[in-house]
Amino acid sequence: MDSSDRALLGVAGIVGALVVAIAFAGGVLFGFGESAARPIRLLAVEPLTWIVIAALVVAVIGNAYID
């Protein structure tokens, strides 16, 4: 596996983990009968979330290309 494959796999892992975490947290916070779009809307308006996601993506891509 070369560095671009590792970077792509790492970014896909981050996105997948975030989707699972959002679904679980939304179910716990708002009840599993509520709309799934509500926690995603809350995530979209929180700027700190985007800073953390960007830092994770930069770390994964940097790690893939350093090795």
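Residues numbered from 1 in each chain as written. Predicted model: local features only at pLDDT ≥ 70, side-chain atom pairs only at ≥ 80, totals over all residues. Heavy atoms only, no water.

Chemist: Describe the overall build of the protein chain, with residues and values.
Modeler: Looking only at helices and strands, the protein chain has three helices and zero strands in total. Mapped from its N terminus to its C terminus, the protein chain presents α and β elements in the order α-α-α. In the protein chain, which comprises 67 residues, the share counted as buried stands at 15%. (Helix = DSSP H or I, 4+ residues; strand = E, 2+ residues; numbered from the N terminus. Buried < 20%, exposed > 50% of the residue type's maximum accessible area, 1.4 Å probe, protein only.)

Chemist: An account of a nonpolar patch on the surface is requested, with residue identities and associated values reported.
Modeler: A contiguous nonpolar surface patch, about 370 Å² in accessible area, is contributed by Leu48, Ile51, Val52 and Leu56. Position of Leu48 relative to the elements: it lies in helix α3 (residues 47-66). For Leu48, a relative accessible area of 54% puts it in the exposed group. (Patch = residues over 30% accessible without salt bridge, like charges linked within 9 Å, V, L, I, M, F, W, Y side chains within 5 Å. Areas by Shrake-Rupley, 256 points an atom, 1.4 Å probe, with all protein chains shown as cover. Salt bridge = Lys/Arg side-chain N within 4 Å of Asp/Glu carboxyl O.)

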